[in-house]
Amino acid sequence: MPTGLGLGPEFEALLAGFFGLLIGSFLNVVIYRLPKMMERQWAQECADLAGKSVEPGEKFNLVAPRSRCSNCGHVIRWYENIPVASYLFLRGKCSMCSAPYGVRYPIVEAITGALFFFCAWRWGWSLAALVWCGFSAALLVLALIDWDTTLLPDDITLPLLWAGLIVAALQWNPAVNLYSALWGAIAGYLSLWLVYWAFKLVTGKEGMGYGDFKLFAALGAWFGWQALIPMILMASIIGAIIGIALKFSSGLREGGYVPFGPFLAGAGFTAMVFGPQSILQFVGL
């Protein structure tokens, strides 16, 4: 596929990977702050319903305040926030108090860079590559937020769903037409919704959250209804394996549950890189 910059596919993929590193740094902010922003919003709504006032406190969103060390409050300078490189240079520690930073930060940046590199290498410097970069970034954020908090924010799942339908309607994804994307979204949502209610009626417990329905609907919009069975099979098998491993290693969190969103996201990444049919071959079907 011809590329848009005329610099050669390898260089353009590397350039996309560099931008991915920068975007990955911002994704770390989203992963950490968005759940806290949601909690603040819920607290405000509860206070409003109760007729109480809540102290506004420090402005807190995806932009403000500036990133800082959680231990000493040191504001991260721009040269301490260069993706991957700053973490290696600082040896993963705050420059002021030497408190360790989480290794996840450079990992998220590196994964985002690798995903953007792949998208540009596969689809060239094109709108198709751009939308798949957006898909990758959203899916990575959802997977990690769900793993941390068991939340799949509507602020990301719903735009991801609509984006899949729009991309299909504009034919930016030649593999999926609007008919397939629309029924993929409908079937993705309804299938897990039915499983949820069947499980709840039998056991009296909730086996998953509504965010899982929306995420699976979004995957159906991006890959079409034909991809739903391969993706749910892979997500279920990997989820069961990891869940059993965590149980035997005493790694299950309180309540003994494992969020399903990260495994749906893993199936989505596999479908993007290798195609949905490769999942059936992977599970031996």
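In this text, all values refer to a predicted model and were calculated from it rather than measured experimentally.

### With respect to the layout of surface pockets
- Of the voids in this model, the largest pocket is the one considered here, and its volume is about 1000 Å³.
- Residue lining of the largest pocket: 36 residues in total, with Thr150, Gly207, Met208, Gly209 and Asp212 positioned closest to the centre.
- Contributing elements (two or more residues each) for the lining of the largest pocket: helix H1 (9–50), helix H5 (154–169), helix H6 (178–203), helix H7 (210–223) and helix H8 (228–248).
- Of the residues contributing to the lining of the largest pocket, the split by class is 20 nonpolar, 10 polar and six charged.
- In this structure, the second largest pocket occupies an estimated 770 Å³ of space.
- If you trace the second largest pocket, you find 32 residues lining it, with Ser67, Arg68, Ile76, Tyr101 and Tyr105 closest to the centre.
- Those elements that provide at least two residues to the lining of the second largest pocket are H1, helix H2 (85–89) and helix H3 (104–123).
- Broken down by element, the residue count for the lining of the second largest pocket peaks at six residues, all from H1.

### Topic: the packing of aromatic side chains
- On inspection of all chains with the given rule, the structure shows 16 aromatic pairs.
- Ring geometry for Phe118 and Trp123: centres 6.1 Å apart, planes at 85°, overall edge-to-face. Residues Phe118 and Trp123 agree in their burial class; the two are buried.
- Measuring from centroid to centroid gives 5.6 Å for Phe135 and Phe223, while their planes differ by 80°, and the two rings are edge-to-face. Of this pair, Phe135 sits in helix H4 (residues 127–149) while Phe223 sits in helix H7, and the two are 88 residues apart along the sequence. As far as the burial class goes, Phe135 and Phe223 line up, both buried.
- Pairwise contacts between aromatic rings join Phe118, Trp121, Trp123, Trp132, Phe135, Trp222 and Phe223 into one cluster.
- It is Arg33 that lies over the ring of Phe60; its NZ or CZ is 5.5 Å from the centre.

### Brief notes about the state of the cysteines
- One pass over the full model with this rule turns up zero disulfides.
- Not engaged in a disulfide, the cysteine Cys133 finds its nearest cysteine sulfur in Cys119; these two sulfurs lie 4.2 Å apart.

Here is what the cut-offs are and how they apply
- Residues numbered from 1 in each chain as written.
- Predicted model: local features only at pLDDT ≥ 70, side-chain atom pairs only at ≥ 80, totals over all residues.
- Heavy atoms only, no water.
- 1 Å grid on protein atoms, 1.4 Å probe; cavity = no way out; pocket = protein on both sides within 12 Å on 5 of 7 lines; lining within 4 Å.
- Points joined across faces, edges and corners; volume = space filled by probe spheres on them.
- Helix = DSSP H or I, 4+ residues; strand = E, 2+ residues; numbered from the N terminus.
- Nonpolar A, V, L, I, M, F, W, Y, C, P; charged D, E, K, R; others polar.
- Phe/Tyr/Trp six-rings, centres within 6.5 Å; stacked < 30°, edge-to-face > 60°.
- Buried < 20%, exposed > 50% of the residue type's maximum accessible area, 1.4 Å probe, protein only.
- Lys NZ or Arg CZ within 6 Å of the ring centre and 35° of its normal.
- Disulfide = S-S within 2.5 Å.

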